[in-house]
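Chain by chain, the residues run as shown.
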Amino acid sequence: MAASTPDTAPAAPARKRDRTHYLYIAVIVAVALGIAVGLIWPDAGVELKPLGTGFVNLIKMMISPIIFCTIVLGIGSVRKAAKVGAVGGIALGYFLVMSLVALTIGLVVGNILHPGDGLHITNAIKASGHDQVSADALPPVDFVLSIIPLTFVSAFTEGQVLQTLLIALLTGFALQAMGSTGRPILRGVEHIQRLVFRILAMVMWAAPIGAFGAIAAVVGSAGVDALKSLAVLMLGFYVTCVLFVFIVLGVMLRAVAGLNIFTLFKYLAREFLLILSTSSSESALPRLIAKMEHLGVSKPVVGITVPTGYSFNLDGTMIYMTMASLYIADALGTPMSIGEQIPLLLFLLLASKGAAGVSGAGLATLAGGLQSHKPALVDGVGLIVGIDRFMSEARALTNFAGNAVATVLIGTWTKEIDKARVQQVLAGELPFDETTLLDEGDQPHAEIPEQGGEKELAKA
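Residues numbered from 1 in each chain as written. Predicted model: local features only at pLDDT ≥ 70, side-chain atom pairs only at ≥ 80, totals over all residues. Heavy atoms only, no water.

- An unreviewed UniProt entry annotates the chain as Cation:dicarboxylase symporter family transporter originating from Streptomyces gilvifuscus.
- According to the UniProt record, the Subcellular location (unreviewed entry) comment for the chain is "Membrane". (UniProt positions renumbered as here; feature names shortened; annotations may be inferred.)

### Digging into the overall build of the chain
Here comes step 1: Within the chain, the secondary structure is distributed over 21 helices and 0 strands.
Here comes step 2: Split into buried and exposed, the 460 residues of the chain put 52% on the buried side.
Here comes step 3: Of the contacts formed within the chain by residues at least 6 apart in sequence, a portion of 84% connects residues at least 24 apart.
Here comes step 4: Approximately 20000 Å² of the chain is accessible, and the part contributed by carbon and sulfur atoms is 66%. (Helix = DSSP H or I, 4+ residues; strand = E, 2+ residues; numbered from the N terminus. Buried < 20%, exposed > 50% of the residue type's maximum accessible area, 1.4 Å probe, protein only. Contact = heavy atoms within 4.5 Å. Areas by Shrake-Rupley, 256 points an atom, 1.4 Å probe, with all protein chains shown as cover.)

### Quick look at the packing of aromatic side chains
Any pair of aromatic rings gets described here by the distance separating the centres and the angle formed by the planes.
Here comes step 1: Going through the model one piece at a time under the given rule, you end up with 9 aromatic pairs.
Here comes step 2: Look at Phe-68 and Phe-156: their rings are 5.2 Å apart centre to centre, the planes differ by 75 degrees, and that puts the pair in the edge-to-face class. Separated by 88 residues along the polypeptide, Phe-68 in helix H3 (residues 49-76) and Phe-156 in helix H7 (residues 154-157) bring together distant segments of the chain.
Here comes step 3: Judged by centre distance (5.0 Å) and plane angle (70 degrees), the ring pair of Phe-265 and Phe-272 falls under edge-to-face. The two residues Phe-265 and Phe-272 agree in class, both being buried.
Here comes step 4: Grouped by ring-pair contacts, the aromatic residues Phe-246, Phe-262, Phe-265, Phe-272 and Phe-400 constitute a single cluster.
Here comes step 5: When the ring centre of Tyr-267 is taken as origin, the NZ or CZ atom of Lys-291, which lies over that ring, is 4.8 Å away.
Here comes step 6: For the cation-ring pair, Arg-395 lies above Tyr-320, with the distance from its terminal atom to the ring centre recorded as 4.2 Å. (Phe/Tyr/Trp six-rings, centres within 6.5 Å; stacked < 30°, edge-to-face > 60°. Lys NZ or Arg CZ within 6 Å of the ring centre and 35° of its normal.)

### Describing the UniProt feature "transmembrane region" (unreviewed entry) in the chain
Here comes step 1: Feature annotation in UniProt assigns "transmembrane region" (unreviewed entry) to the following positions: residues 22-41, 61-78, 90-113, 147-175, 195-219 and 231-257.
Here comes step 2: This span, residues 90-113, is 100% helix and 0% strand, and a straight line between its end C-alpha atoms measures 35 Å.

### Describing the packing of H3 against helix H9 (residues 183-203)
Each packed pair of helices is defined by two parameters, the angle between the axes and the distance between the axes.
Here comes step 1: Across the interface, H3 lies against H9 with an axial gap of 9 Å and an inter-helix angle of 155 degrees. Viewed along their axes, H3 and H9 adopt a mutual orientation that is roughly antiparallel. Between H3 and H9 lies a crossing of left-handed hand. When H3 is examined against H9, the residues Phe-55, Leu-58, Ile-59, Met-62, Pro-65, Ile-66, Cys-69, Thr-70, Val-72, Leu-73 and Gly-76 are found in contact with a partner set consisting of Leu-186, Val-189, Glu-190, Ile-192, Gln-193, Val-196, Phe-197, Ile-199, Leu-200 and Val-203.
Here comes step 2: Across the contact of H3 with H9, the residue classes break down as 17 nonpolar, 3 polar and 1 charged. (Axes fitted to C-alpha atoms, helices over the stretch in contact; angles between N-to-C directions. Parallel < 35°, antiparallel > 145°, perpendicular 65-115°, else oblique. Left-handed = near helix turned anticlockwise from the far one by under 90°. Nonpolar A, V, L, I, M, F, W, Y, C, P; charged D, E, K, R; others polar.)

### Here's the deal with unusual backbone geometry
Where the residue is not glycine, phi is negative for most of them; where a peptide bond is considered, it is trans in most cases.
Here comes step 1: Phi angles above zero are rare outside glycine, and Lys-415 is one such case at about 60 degrees.
Here comes step 2: Within the fold, Lys-415 resides in the loop between helix H20 (385-413) and helix H21 (419-426).

### A closer look at the side chain of Thr-398
Here comes step 1: Along the polypeptide, Thr-398 turns up in helix H20.
Here comes step 2: Among the polar contacts listed, one links the side chain of Thr-398 to the backbone oxygen of Ala-394, at a separation of 2.7 Å.
Here comes step 3: Those residues in contact with Thr-398, other than ones at most four positions away along the chain, are Cys-241, Phe-244, Val-245, Asp-315 and Gly-316. (Polar contact = N/O pair within 3.5 Å; in protein donor to acceptor, adjacent residues only side chain to side chain.)

### Points about a nonpolar patch on the surface
Here comes step 1: Judged by side-chain polarity, Leu-96, Leu-100, Ile-338, Ile-342 and Leu-346 come together as a nonpolar surface patch covering roughly 420 Å² of accessible area.
Here comes step 2: When contributions to the nonpolar patch are tallied by element, the ones reaching two or more residues are helix H4 (81-113) and helix H18 (338-354).
Here comes step 3: Sort the elements by how many residues they give to the nonpolar patch and H18 lands first, with 3 residues.
Here comes step 4: Inspection of the secondary structure puts Leu-346 in helix H18. (Patch = residues over 30% accessible without salt bridge, like charges linked within 9 Å, V, L, I, M, F, W, Y side chains within 5 Å. Salt bridge = Lys/Arg side-chain N within 4 Å of Asp/Glu carboxyl O.)

### Quick word on the packing of helix H15 (residues 285-295) against H21
Here comes step 1: At a minimum axis distance of 8 Å, the contact between H15 and H21 shows a crossing angle of 115 degrees. In this structure, H15 contributes Glu-293, His-294 and Leu-295 to the contact, and H21 contributes Arg-421, Val-422, Val-425 and Leu-426.
Here comes step 2: Looking at the contact of H15 with H21 residue by residue, the class counts come to 4 nonpolar, 1 polar and 2 charged.

### Quick look at the environment of Asn-111
Here comes step 1: With respect to the element layout, Asn-111 can be found in helix H4.
Here comes step 2: Once the C-alpha coordinates of Asn-111 and Met-336 are considered, the two residues, 225 residues apart in sequence, prove to be 9.7 Å apart.

### With respect to the side chain of Asp-315
Here comes step 1: Considering the arrangement of structural elements, one finds Asp-315 in helix H17 (residues 315-331).
Here comes step 2: Judged by relative accessible area, Asp-315 falls into the buried class, the value being 0%.
Here comes step 3: The contacts of Asp-315, once residues within four sequence positions are left out, are Met-98, Ser-99, Ala-102, Phe-244, Thr-398, Asn-399 and Gly-402.

### Focus: the pattern of salt bridges
Here comes step 1: Enumeration over the complete set of coordinates arrives at 2 salt bridges.
Here comes step 2: The partner of Arg-287 in a salt bridge is Glu-271, and the shortest N-O contact between them spans 2.5 Å. A residue pair is termed long-range when its members are at least 10 positions apart, and Arg-287 in helix H15 and Glu-271 in helix H14 (residues 269-278) qualify at 16 residues. Glu-271 matches Arg-287 in its accessibility class, with the two residues each being buried.
Here comes step 3: With a closest N to O distance of 3.2 Å, Glu-271 and Lys-291 form a salt bridge. One end of the pair, Glu-271, is in helix H14; the other, Lys-291, is in helix H15, with 20 residues separating them in the sequence.
Here comes step 4: Because the salt bridges share partners, they merge into one network encompassing Glu-271, Arg-287 and Lys-291.

### Comments concerning H15
Given 3.6 residues to a turn, an α-helix orients residues that are three or four positions apart in the same direction.
Here comes step 1: Among the 11 residues that make up H15, 11 are buried, leaving the element largely enclosed by the rest of the structure.
Here comes step 2: Those residues of H15 lying buried are Leu-285, Pro-286, Arg-287, Leu-288, Ile-289, Ala-290, Lys-291, Met-292, Glu-293, His-294 and Leu-295.
Here comes step 3: A positive backbone phi angle near 125 degrees is found at Gly-296, which sits one or two residues after H15.

Written out as structure tokens, the structure reads:
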């Protein structure tokens, strides 16, 4: 009779404990310390600005390879190229409509508040306004031509999101046409994506340092006194952004996808905190791509909607330019009639696309648009320079919220979203892997299909 033996079957590997919540607690503490330093030692706070700039640059460094890998893997696994074109067409149409809605809301609120009445500007303020006119903002034709990179690799070295998008689309369609011959290349791109996301996860541990430097510099340079006379504009702008996000976007998300916007934003809470601490929505772009795929939106939809939205779906910037234009006109004692406002704002709608990717695009686009359409108003841009960084917080948060909602909506309209998975993820049953930013789990990674599959959903 065989002797009984103890059960030696290996136990299932324990899931690694997620310690990244400590990272975001550290970010909150760093923001509080940054505000304190900026108020108590403003000069020292300003000197800390390179810390914030360096962190944001580290994130931007990863954007091009992440976009490239995401789009190539997404398109390469789709059977019909026409489906990708349909996603792009729906996305651009949606972006245009929402930009007009945002402009209209800003126009209505600006005409109700008239925050610029009674202000006076000095020659120094006028000069400051003209200094904000950026030569980087391009007219529409030049902007379209600028999307084409000089070489295949320069799209990655110059940091132009739309150039990377173009190269990734061409590569994805080429691999799709290659069929089984392109499978090894797709598998290689998949491994590169894992490497890039792992690097990004490492970079994120520098977030508290970046947040501390960025907030200290903002508070130290502007101070409290500089904000008092502009409090109405700031408050009005923040309230307008909140109304737009939770009423306009919230209603659309509920009506189209059946989701609660508060639940979606809870899922994206860490990204909102990152944007709030750095004043840059670009700092959360790679994480938004990863989280939308994890949520259950297909790779083609995520890969096309998110990068394109960061250039064309700038809801917060639209509201900002509307209210700031009316504020400046009132402050200069030359209020605009409705007949003057509408052409100017439609011009700014186009001008904002020409300034996509420009550093400080909100203020630069506003100044450049006013210079081209109504030069007399450029004198007043200097009035808002002092609070532009504080207003950029709301701009960035609103832009990010708009792109997150847009991704879900477009995924729903194109039937490229796993609704059952969405419910599981938002309920917390499938937590996002903060250590890799990918959904590898404990199971072997599925191979990329040769030709099959209408969509490549994020894996459970």
